[in-house]
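Here is how the chains run, residue by residue.
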Amino acid sequence: MRFVHTADWHLGRVFHGVHLTEDQAYVLDRLIEIVQDARPDVVIIAGDVYDC
């Protein structure tokens, strides 16, 4: 069985006054590509997804 595991995205986070939205969008786009290429049986997203 093939897994893709990712965690602690903290979407919406502002780090030292810098919005990370564009960086997070880029990495999420790459994650989608990885999942499409690898075709895992399971994708696990754990931890803190949003940073409100």
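Refer to the structure printed above.
Given the structure is predicted, the values throughout are model-derived calculations rather than measurements.

Asks: How would you summarise the overall build of the chain if you had to cite specific residues and measurements?
Replies: Looking only at helices and strands, one finds 1 helix and 4 strands in the chain. When its helices and strands are written in sequence order, the chain yields β-β-β-α-β. At 13 Å, the chain has a C-alpha radius of gyration far larger than the 10 Å of a compact globule built from 52 residues. In terms of overall dimensions, the chain has C-alpha extents of about 40 × 20 × 10 Å along its principal axes. For the chain, restricting intrachain contacts to residue pairs at least 6 apart in sequence, the fraction spanning at least 24 positions comes to 76%. Accessible area for the chain stands at about 4,200 Å²; split by element, carbon and sulfur atoms hold 55% of it. Taken together, the 4 basic and 9 acidic charged side chains of the chain have centroids lying 7 Å from each other.

Asks: Pulling in residues and values, what's your account of the packing of aromatic side chains?
Replies: Within the structure shown, the criterion is met by 0 aromatic pairs. Geometry around Tyr26 places Arg30 over its ring, the cationic atom sitting 4.5 Å from the centre.

Asks: Report on the environment of Phe3, specifying residues and quantitative values.
Replies: Mapped onto the elements of the fold, Phe3 is located in strand E1 (residues 3-7). Taking C-alpha positions, Phe3 is 9.0 Å from Arg39, a pair spaced 36 residues apart along the chain. Those residues within four positions of Phe3 in sequence are excluded, and the remaining contacts are Pro40, Val42 and Ile44.

Reading the values: the criteria
- Residues numbered from 1 in each chain as written.
- Predicted model: local features only at pLDDT ≥ 70, side-chain atom pairs only at ≥ 80, totals over all residues.
- Heavy atoms only, no water.
- Helix = DSSP H or I, 4+ residues; strand = E, 2+ residues; numbered from the N terminus.
- Rg over C-alpha atoms; globule rule 2.2 N^0.38 Å.
- Contact = heavy atoms within 4.5 Å.
- Areas by Shrake-Rupley, 256 points an atom, 1.4 Å probe, with all protein chains shown as cover.
- Lys, Arg positive; Asp, Glu negative; His and termini not counted.
- Charge placed at Lys NZ, Arg CZ, Asp CG, Glu CD.
- Phe/Tyr/Trp six-rings, centres within 6.5 Å; stacked < 30°, edge-to-face > 60°.
- Lys NZ or Arg CZ within 6 Å of the ring centre and 35° of its normal.

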